[in-house]
Amino acid sequence: MSDPDDLPVAVIGAGPVGLAAAAQLLQRGITPLIIEAGPSVGTSVLGWGHVRIFSPWKYDIDAAARELLDRSGWTAPDPDVCPTGREVVESYLAPLAALPEFVAHLRLEHRVRAVARLGLDKLNTAGRESAPFVITVATPAGERQLLARAIIDASGTYGVPNPLGASGTAARGEAEAAEHIFYGIADVLGRDRQRYGGRRVLVVGSGHSAFDVLIDLAELARAEPRTEITWLVRRPFANAKYGGAERDALPARGALGTRMRGLVDRGVVRQVVLRIADLRTAGGEVYLSDGSAEIGPFDEIVATTGSRPDLAPLRELRLRLDEILEAPPALAPLIDPNVHSCGTVPPHGARELAHPERDFYIVGMKSYGRAPTFLMLTGYEQVRSVAAALAGDTAGALSVELALPQTGVCSGGPGGDCCDDAASDCGSPASSCCGTSDALIPRSALTGAAP
């Protein structure tokens, strides 16, 4: 075997953060090996390609990637326009991946099945840090093993949706009702129009992805009045959960919550509170129950219940994860939705994202574990820091600065452990949960990357 230092750095996932990681590595003279499960870059993004995200282009392009694209004569999109997921792929990710610097290092249709240290299982310590990583992948031509000196896991969470059951596991009868359930952001005005038009549709979930689907269903109902829309949430929906409205520094995000509130207030969308324990399918209809009360019937269910990281391929690595969020322990208490939702977390990079397994990092949406919100620009700063660490630039890795637009609302107050005023902009470093840095990283949902 050749010197492990001559091996590439493997980047798992060719979405926005994964390709940004590759660009950052290339900028520092490090060879990346980009491993993507899908048939194209941005495969997961294309899964919600019809959705217009609420972060404009100026927040969606990595600096190192932009530098490479600019050299090729690329025409940058209008920085103030909010793109759809498909536009993110077609106008940014695909041109980036087509550059000569990327083509030789990109492996499509390579699904990672396992990651380990070559010749060493999780129990072995001696020689561990000098052994290369071995990545087992499934390809159309069969199983292969790839070697790498370090790994940046930017595979996201989109492929592992949360089930409908309130206990975090599939509800009783959920599997039997599978043909009636869509997990994710259904394209109700496009590809899926016939499935939902004129039907009794239940949307489950309380985040921006649910808002997107419900707003589109309301538009569909204008053309097909027989469409009935019910929105199920697990607990009473506080006004703050609609967002900061005009206080939100991302106008499109604030407007989304305002539109959603209006649909509920006008009775276009019927809201119900239920913690799902059972699904019952009868006569082509679905009923849901919490074990006592039952609602229904429904023809179709859209589960916008979020997603979770797939940790199974990492079983033979030594990871340190928070027992609740499945995120690095340094991040978990700062992004925990049980604590606050003001969208602020102190700047973080390689130091906070490191694991006991040397030279292994989880970045992007997957680094947030089960926390439901994330902004691409946060991931870009993560991979800039990680690339610096892998290049031996300790000062560059530790110098993490990022200031992003605030949500304008926080669930931690008034009188809570987070911000003093739930209706205020929580950008002030007044409390420990919001951080004390002048450059705070707010969290913000990126529809699809963090549906």
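In what follows, the structure referred to is the one given above.
Residues numbered from 1 in each chain as written. Predicted model: local features only at pLDDT ≥ 70, side-chain atom pairs only at ≥ 80, totals over all residues. Heavy atoms only, no water.

### Details of the overall build of the chain
Regarding its fold elements, the chain presents 12 helices and 16 strands. Here the contacts in the chain between residues at least 6 apart in sequence split such that 69% fall between residues at least 24 apart. For the chain, the computed accessible surface area is about 18700 Å², with 49% contributed by carbon and sulfur atoms. (Helix = DSSP H or I, 4+ residues; strand = E, 2+ residues; numbered from the N terminus. Contact = heavy atoms within 4.5 Å. Areas by Shrake-Rupley, 256 points an atom, 1.4 Å probe, with all protein chains shown as cover.)

### Some points on the packing of aromatic side chains
One pass over the full model with this rule turns up 3 aromatic pairs. Arranged with centres 5.9 Å apart and planes meeting at 85 degrees, the rings of Phe-211 and Trp-231 form a pair that is edge-to-face. Here Phe-211, found in helix H7 (residues 208–223), pairs with Trp-231, found in strand S10 (residues 228–233); they are 20 residues apart in sequence, far enough to count as distant. The buried category is assigned to Phe-211, whose relative accessible area is 1%. One Lys or Arg, Arg-117, reaches over the ring of Phe-133 and ends 3.9 Å from the middle of that ring. When the ring centre of Tyr-287 is taken as reference, the NZ or CZ atom of Arg-280 above it lies at 4.3 Å. (Phe/Tyr/Trp six-rings, centres within 6.5 Å; stacked < 30°, edge-to-face > 60°. Buried < 20%, exposed > 50% of the residue type's maximum accessible area, 1.4 Å probe, protein only. Lys NZ or Arg CZ within 6 Å of the ring centre and 35° of its normal.)

### Quick word on the side chain of Asp-322
Of note, Asp-322 is situated in the loop between strand S15 (300–303) and helix H9 (332–335). Buried and without a salt bridge, Asp-322 has Arg-370 as its closest oppositely charged side chain, separated by 9.3 Å. Ignoring anything within four residues of it in the chain, the contact list for Asp-322 reads Ala-327, Pro-329 and Ala-332. (Lys, Arg positive; Asp, Glu negative; His and termini not counted. Salt bridge = Lys/Arg side-chain N within 4 Å of Asp/Glu carboxyl O.)

### A closer look at the nonpolar core
Membership of the largest hydrophobic core comes to 88 residues, with the highest contact counts inside it found for Tyr-92 and Trp-231. Counting 17 residues, the second largest nonpolar core, distinct from the first, contains Leu-202, Ile-276, Ile-295 and Ala-303. (Core = buried A, V, L, I, M, F, W, Y, C linked by side-chain atoms within 4.5 Å.)

### Quick look at the sheet that holds strand S1 (residues 9–12)
Within a sheet, adjacent strands bond to each other through the backbone by hydrogen bonds, running parallel or antiparallel. Reading across from one edge, S3-S2-S1-S7-S16 is the order of the 5 strands in this open sheet, with parallel pairing throughout. Bordering the open sheet on either side are strand S3 (106–107) and strand S16 (360–362), each of which pairs with just one other strand. Both S1 and strand S2 (residues 32–35) contribute to a ladder of 4 bridges, which runs parallel. Within S2, the residue paired with Ile-12 across the bridge is Ile-35. (Pairing = 2+ DSSP bridges.)

### A closer look at helix H1 (residues 16–27)
In a regular helix each residue adds 1.5 Å, so 12 residues correspond to 16 Å; H1 covers 16 Å between its end C-alpha atoms and thus fits that length. Among the 12 residues that make up H1, 10 are buried, leaving the element largely enclosed by the rest of the structure. Where H1 is concerned, the buried positions are Pro-16, Val-17, Gly-18, Leu-19, Ala-20, Ala-21, Ala-22, Ala-23, Gln-24 and Leu-25. Two residues or fewer after H1 comes Gly-29, characterised by a positive phi angle close to 80 degrees. (Expected span 1.5 Å × (residues − 1).)

### Examining the environment of Val-81
Tracing the chain through its elements places Val-81 in the loop between helix H3 (63–71) and helix H4 (85–97). According to the relative accessible area criterion, Val-81 is partly exposed, its value standing at 36%. Separated by 27 residues in the primary sequence, Val-81 and Phe-54 place their C-alpha atoms 9.1 Å from one another. Excluding residues that lie within four positions of it along the chain, Val-81 makes contacts with Pro-56 and Trp-57.

### Some thoughts on the pattern of salt bridges
Under the defined criterion, the tally for this structure stands at 20 salt bridges. For Glu-285, the salt bridge goes to Arg-200, with nearest N and O atoms at 2.8 Å. Taken as a pair, Glu-285 in strand S13 (residues 285–289) and Arg-200 in strand S9 (residues 200–204) lie far apart in primary sequence, 85 residues in all. The closest approach of N and O atoms between Arg-384 and Glu-381, which form a salt bridge, is 3.1 Å. Taken together, the residues Arg-384 and Glu-381, both in helix H11 (residues 376–390) and 3 residues apart, mark about one turn of the helix. Here Arg-384 matches Glu-381 in class, with each residue buried.

### Considering unusual backbone geometry
In this model, Gly-296 is joined to Pro-297 through a cis peptide bond whose omega is 5 degrees. When you line up the elements, Pro-297 lands in strand S14 (residues 294–298). The backbone of Glu-109 shows a phi angle near 55 degrees, a positive value even though the residue is not glycine. With respect to the helices and strands, the residue Glu-109 is situated in the loop between S3 and strand S4 (111–117). Assessed through its relative accessible area of 40%, Glu-109 is described here as partly exposed. Phi at Asp-359 takes a positive value of approximately 65 degrees, unusual for a residue other than glycine. The residue Asp-359 is located in the loop between helix H10 (350–353) and S16 in this model.

### A short note on the pairing of S10
Taking burial as the measure, the 6 residues of S10 include 5 buried ones, the bulk of the element. Once the chain exits S9 it traverses H7 before rejoining the sheet at S10, and the crossover so formed is right-handed. Bridge analysis of S10 against strand S11 (residues 270–273) gives 4 bridges, and the strand direction is parallel. Bridge assignment links Val-233 to a residue of S11, and that residue is Val-273. (Right-handed = clockwise from strand over helix to strand, strands pointing away.)

### Structural notes on the sheet that holds S4
Pairing is antiparallel in the open sheet, where 3 strands are placed in the order S4-S5-S6. The sheet is open, and its two edges are formed by S4 and strand S6 (142–148), each paired on a single side. Mean inter-strand twist for the sheet, computed between neighbouring axes without regard to direction, equals 20 degrees. Relative to S6, strand S5 (residues 133–139) runs antiparallel, the two sharing 7 bridges. For Phe-133, the partnering residue across the bridge sits in S6 and is Ala-148. (Axes fitted to C-alpha atoms, helices over the stretch in contact; angles between N-to-C directions.)

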